[in-house]
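Below are the chains, spelled out letter by letter.
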Amino acid sequence: VDFSLIKHTPIHDSIDTEFRAEFFNALNWSNFGAPDAEVDDLAFGQISSMTVSPRIIQFALKVNF
């Protein structure tokens, strides 16, 4: 679940600001990779990877003129 919040604020006739907050993997759900399928391996059946990155939040401030 990714989403963003944006707020526009006018300062003057031709100048405004934009504040943005972006959330990637907002609910921090875990998606695990496939288990090790090599029968001869000591790690057989173990899951050692994730298919998505953890929650990331970024902020930005932009001035338009």
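This report concerns the structure included in the present document. Computed from a predicted structure; not experimentally measured. (Residues numbered from 1 in each chain as written. Predicted model: local features only at pLDDT ≥ 70, side-chain atom pairs only at ≥ 80, totals over all residues. Heavy atoms only, no water.)

Here we take up the overall build of the protein. From N to C terminus, the protein includes zero helices and three strands. Scanning the protein from its N terminus toward the C terminus, one meets helices and strands in the order β-β-β. A globule of 65 residues ought to have a C-alpha radius of gyration of about 11 Å, yet the protein, at 21 Å, is considerably larger. Across the 65 residues of the protein, 12% fall into the buried class. Put simply, of all contacts in the protein between residues at least 6 apart along the chain, 46% involve residues at least 24 apart. For the protein, the computed accessible surface area is about 5500 Å², with 60% contributed by carbon and sulfur atoms. Each charge class in the protein was averaged separately, 4 positive and 9 negative side chains, and the resulting centres sit 18 Å apart. (Helix = DSSP H or I, 4+ residues; strand = E, 2+ residues; numbered from the N terminus. Rg over C-alpha atoms; globule rule 2.2 N^0.38 Å. Buried < 20%, exposed > 50% of the residue type's maximum accessible area, 1.4 Å probe, protein only. Contact = heavy atoms within 4.5 Å. Areas by Shrake-Rupley, 256 points an atom, 1.4 Å probe, with all protein chains shown as cover. Lys, Arg positive; Asp, Glu negative; His and termini not counted. Charge placed at Lys NZ, Arg CZ, Asp CG, Glu CD.)

Here Ser30 shows up in the loop between β2 (16-24) and β3 (56-64). Assessed through its relative accessible area of 43%, Ser30 is described here as partly exposed.

Evaluation of the coordinates by the stated rule reveals two salt bridges. The salt bridge involving Arg20 is made with Glu18; its shortest N-O contact spans 3.1 Å. Between Glu22 and Arg20 there is a salt bridge, with its nearest N and O atoms 3.5 Å apart. The exposure class of Glu22 is buried, given its relative accessible area of 17%. (Salt bridge = Lys/Arg side-chain N within 4 Å of Asp/Glu carboxyl O.)

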